[in-house]
Every structure is written in C-alpha cells, then in structure tokens.
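What follows is each chain in one-letter form.
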Amino acid sequence: MSETAGDAKPEVKQASKEVKESENVAEKYSAMTVSKNSEINMGELSSVFSSVPTHKPVKKQIQFVEEKQEFSRFPTKTGRRSLSRSISQSSTDSYSSAASYTDSSDDETSPRDKTQVNSKGSSDFCVKNIKQTEFGRREIEIAEQDMSALISLRKRAQSEKPLAGAKIVGCTHITAQTAVLIETLVALGAQCRWTACNIYSTQNEVASALAERGVAVFAWKGESEDDFWWCIDRCVNTEGWQPNMILDDGGDLTHWVYKKYPNVFKKIRGIVEESVTGVHRLYQLSKAGKLCVPAMNVNDSVTKQKFDNLYCCRESILDGLKRTTDVMFGGKQVVVCGYGEVGKGCSAALKALGAVVYVTEIDPICGLQACMDGFRVVKLNEVIRLVDVIITCTGNKNVVTRDQLDRMKNGCIVCNMGHSNTEIDVASLRTPELTWERVRSQVDHVIWPDGKRVILLAEGRLLNLSCSTVPTFVLSITATTQALALIELYNAPEGRYKQDVYLLPKKMDEYVASLHLATFDAHLTELTDEQAKYLGLNKNGPFKPNYYRY
C-alpha cells in the first residue's frame, strides 16, 4: 500500500482563479471546526471540496506495457496453482514461478474449486476458508482500537448514510485495517465488493470475517496471476449489480474496468486512488483524453504522503527485514534507491540503527535533501559490489538490473518498498543456470553457478505488506482520507468535478489530522482574531496555502 517516487511529481501552477477558489473553500468550511469535539454535517461535506483540478500530468511518467499483453484476453485456468509475480501494470514483464509456496499446514485446494457458504446462506465470495471467521473478527476488533478517528467518523455519519446507493468496488490490501474501512463504508450506506491488490498481503482470516458479514470479497493469500484477474472480474462482473464508485490501490482494478467493461466505466461517478503507480496511470488517461470520470488523488494528500509513506515506512522497513532475515543492521552498508517519502523513511530508520546508508536519485532536489540529511548520493553501479542490502523505493522499472544482480556480493539482500514489482528485474533471474531455494516464507536464495547467493525478499513485491505488518494508526489516517474522498465524489453535485484528477483540499487534510490528535491528547493553539487578520487566514483553516510543502 505504501510507496513513492523520489523523482517527479505533478507540477504546481498557481493562477489567480485557483487562489480565489481556494479562498472560497475556506469560507465554505469555516463553520466546521477541527477540535476534538467537532461534528460533521455530511450533507454539507461535499461543498468543502474545491473543484480545482490538481497538478498537470508529469512529463516523465511510467509507460504502459502494450495493452494487448494485459487486457486482450481473459485469463484461463492454466497454471493458476502456481504463484506469480506482482500484479501491477507492468507485471507482464515478470515470471510465474512453477513452485507452490503454500504452507504445508494449509489446504492446498484452490478456493476457486471450493463451494463455501456463510451463516446467512450466501456464497457470493471466494476466500481461503470461511471457517476462519472468528479469528478474523478478533483481528478486526483489535485494529478498531487503534483506528479511533475512522470509528468516530463512522459513528457521526452513520445516521445520515451519506453513501446510501453507492456501489463501491475496491481493490486494496485486505488486512484487518482495511476491513475497518470497508465496514465503515457499509455502515455509511454503501454496498461493497472487494478484491486484493497484492497476491501476498491478504489476511485470509480477515477476508473470511468480511465474507461472513456479507461483503462480497474475492481474495486469498498466495493467489496466482490468473486468480488475481479472476477475482477482479468477479467483483465487477456480477448479475444485477453494477459499480458506480471505485476505490483502487495500484490502478489494476481501474484499468480492468476501463478495458473490459467500457460501458460500466463511463457510468462510474468517481475513482479514489491511493498509490503512486495508480495515480500515474490516471494522469496518463487524463492526458490522453480517455479519463471519462472524475478521480481523486489520495496519494498526494499531505496526510498520505507524510504519515503512510514517510512515518509508516520508517518503521515497517525494519520490521520486514528483521522478520525475514534476522539481519543485524549495525555496520551494514545499505543502498536506498529513491529519496522520496518512502526512501526518506527507510534511510532514517537504517541510519538510526548504525547502518552506512547510500542513496541513489534522479531528482537533484531529492538528491540535495539526501546530502543535507547526511547520506552519500551515488550511482548504484559505484557501490554494487560493496553493499549488503539494496532497497528500491522509486515506483520505476528496472532500477536493479540483471547485470547488477550478477555483480552483487555473496549474501546481499535485495528487496522492494515500492508498489510495483518491476523495480527489481526478477524475471531475468528465472534462467536455467540459476537455482532458486525457498528458505522460509517470502525468502528465496537465488544461487549462481559459483555458489554465490543473493537473498531476494517477496519476489520483489512490496516488502512491508508481504513480509510483515503496517502500523494500524497510520492506516487509520489513510483510510479516513479515502472514506471522505468517496463521500465527496459520490455526493458532489453534477458539474463540480470534470473528467480530471483532483487533490483533496488542504482543509480536508487538516481535518483528517485533527481527528487523530486526540490519540495523543494534543491541544492545538487557536489564533486570535487579530492574529488571523494579520496572517490573512480563517481561524478554522486552512492554515497553509496549496503550494506549501510540509
């Protein structure tokens, strides 16, 4: 779920019209306080958001693979027992492993071959084992304890049902935390069908608990690529139900609907996207004039960038590496590819534990930030033979190539913290001369003919959600932002949002943050009338201009 690109972001262009509309947003929002006891009028919520499109598409963008490779045919059942690579847009460049990595304790029968029914008699779901419901429910209840802001939003808006009539199809990581989001959307009136955006991050017991509660969920840990696309299609293509909202993480669901069901896509009222990869795809569609519905870019909201990407990855990178390798970081030489928000978090965490950290960057601003933070900025080829750990965080492809993998030292650990599996050229390692040895869950030793071993984690997929966990509190921030974005797009009057990509307004970012301050018993200072007039601000915010960089 968490990733960023250290390179380009959409360019911010200021215009007098945009400034004026931003000021109007503050006036509309002035009645809504951000104190601990603030209440939301859901009927007025949609008026909070600005209709000013976000930044223009970046010039340097991740290119699509040939459309015919990914969408020209519906996947068959061939080889669906084999686990595959990440299912991102460019996943067709990867390789499907022929080995089954299912734990021996699990039932190896594919969920697609089972007939399962929940206690209400419904079979409109496909999970690993519906009997794990009780365990999954406990996981969700534990997550709710650290997601108080989202639960507060649920309680305040539940009576008004701002999502009544919304039919949301979602493709995200399916964990206890996202289950809290899904059940919040249902409590607010929505009908939901859900699938997983990552084949390794699904918590089977949580998926079972959702299915027991009536959510049509199609996901299990260890899907093949064929399973992945089958699950997406089952969510979208069902008799008597047509989605009108999309919540996506990575863009796979959006593009599946766009390519396979264009008539359905045209009737979508709004798309909410939370990843760098998915946002790039939306900007590409918009630039080509093919985006026929409004979309909300949650990834570039301040609360997502700082808390999910920076602070979350600062902790989860260590968790993932420790769980999989038991490595001691003191004195290790580590290279972090990309110094965006994710790269900043990873670098800071590793430095704090005594590692010698190098950074690679293409952006001179991010490169200068890395230098000022005490890191040496290098080209990967300059240190490839020296480093003990390589972490990619760019959102790009072929950041670590086969030639570089060949030159790594024995025992080098290679992993990815970006959304897509394309950063490490894993496909090039699937050759006869190299031997793959699975030493534990999500840990492969790739062995060269001379005996050299490279330790590859999660087959190049997102490390923290494949191999460990993500702090619940951080996911509460992201989930609250997603819920508010869905409410806004669904309730916005016709014409407010055109066929473009939009950012959440600054005021809404501030509101999401304010909901979480109570967790720390934090008390904000309030401006006096004189101070507010001096600064030219509304006392209730927004407190920073749109171009401000936190």
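Heads up: the structure comes first, above all this text.
The structure reproduced in this document is the subject of the present report. Just so it is clear, the structure is predicted and the values come from calculations on it, not from any experiment. (Residues numbered from 1 in each chain as written. Predicted model: local features only at pLDDT ≥ 70, side-chain atom pairs only at ≥ 80, totals over all residues. Heavy atoms only, no water.)

**Some remarks on the side chain of Glu-459**
Here's step 1: Structurally, the position occupied by Glu-459 is in the loop between strand E14 (453–457) and helix H17 (463–467).
Here's step 2: Engagement of the side chain of Glu-459 in a polar contact is seen with the side chain of Arg-461, the distance being 3.0 Å. (Helix = DSSP H or I, 4+ residues; strand = E, 2+ residues; numbered from the N terminus. Polar contact = N/O pair within 3.5 Å; in protein donor to acceptor, adjacent residues only side chain to side chain.)

**Examining the packing of aromatic side chains**
Here's step 1: Counted according to the given criterion, the structure contains nine aromatic pairs.
Here's step 2: Plain terms: the ring middles of Trp-229 and Trp-256 are 5.1 Å apart, the flat faces sit at 25 degrees to each other, and that makes the pair stacked. Here Trp-229, found in helix H8 (residues 225–236), pairs with Trp-256, found in helix H9 (residues 252–260); they are 27 residues apart in sequence, far enough to count as distant. Trp-256 shares its class with Trp-229; the two are buried.
Here's step 3: Here the aromatic rings of Tyr-497 and Tyr-502 are separated by 4.9 Å at their centres, their planes lie at 80 degrees, and the arrangement is edge-to-face.
Here's step 4: Classification of Tyr-502 as buried rests on a relative accessible area of 1%.
Here's step 5: In this structure, Lys-351 packs its charged tip against the face of Phe-375, placed 5.1 Å from the ring centre.
Here's step 6: Here Lys-452 stacks its cationic end above the ring of Trp-448, 4.2 Å away from the centre of that ring. (Phe/Tyr/Trp six-rings, centres within 6.5 Å; stacked < 30°, edge-to-face > 60°. Buried < 20%, exposed > 50% of the residue type's maximum accessible area, 1.4 Å probe, protein only. Lys NZ or Arg CZ within 6 Å of the ring centre and 35° of its normal.)

**A few points about helix H6 (residues 176–187)**
Here's step 1: Look at H6: 16 Å from first C-alpha to last across twelve residues, which is about the 16 Å you get at 1.5 Å a residue.
Here's step 2: Extensive coverage of H6 is indicated by the burial of eleven of its twelve residues.
Here's step 3: Backbone geometry just downstream of H6 places Gly-189 in the positive-phi region, at approximately 110 degrees. (Expected span 1.5 Å × (residues − 1).)

**Things to note about the packing of helix H12 (residues 302–325) against helix H18 (residues 472–491)**
Here's step 1: At a minimum axis separation of 9 Å, H12 and H18 run at an interaxial angle of 155 degrees. Classed by the angle they form, the pair H12 and H18 counts as roughly antiparallel. Crossing hand, H12 versus H18: left-handed. Between H12, through Thr-303, Lys-304, Phe-307, Asp-308 and Cys-312, and H18, the contact on the second element is made entirely by Val-474, Ile-477, Thr-478 and Thr-481.
Here's step 2: Its residues placed into classes, the contact of H12 with H18 shows four nonpolar, three polar and two charged. (Axes fitted to C-alpha atoms, helices over the stretch in contact; angles between N-to-C directions. Parallel < 35°, antiparallel > 145°, perpendicular 65-115°, else oblique. Left-handed = near helix turned anticlockwise from the far one by under 90°. Contact = heavy atoms within 4.5 Å. Nonpolar A, V, L, I, M, F, W, Y, C, P; charged D, E, K, R; others polar.)

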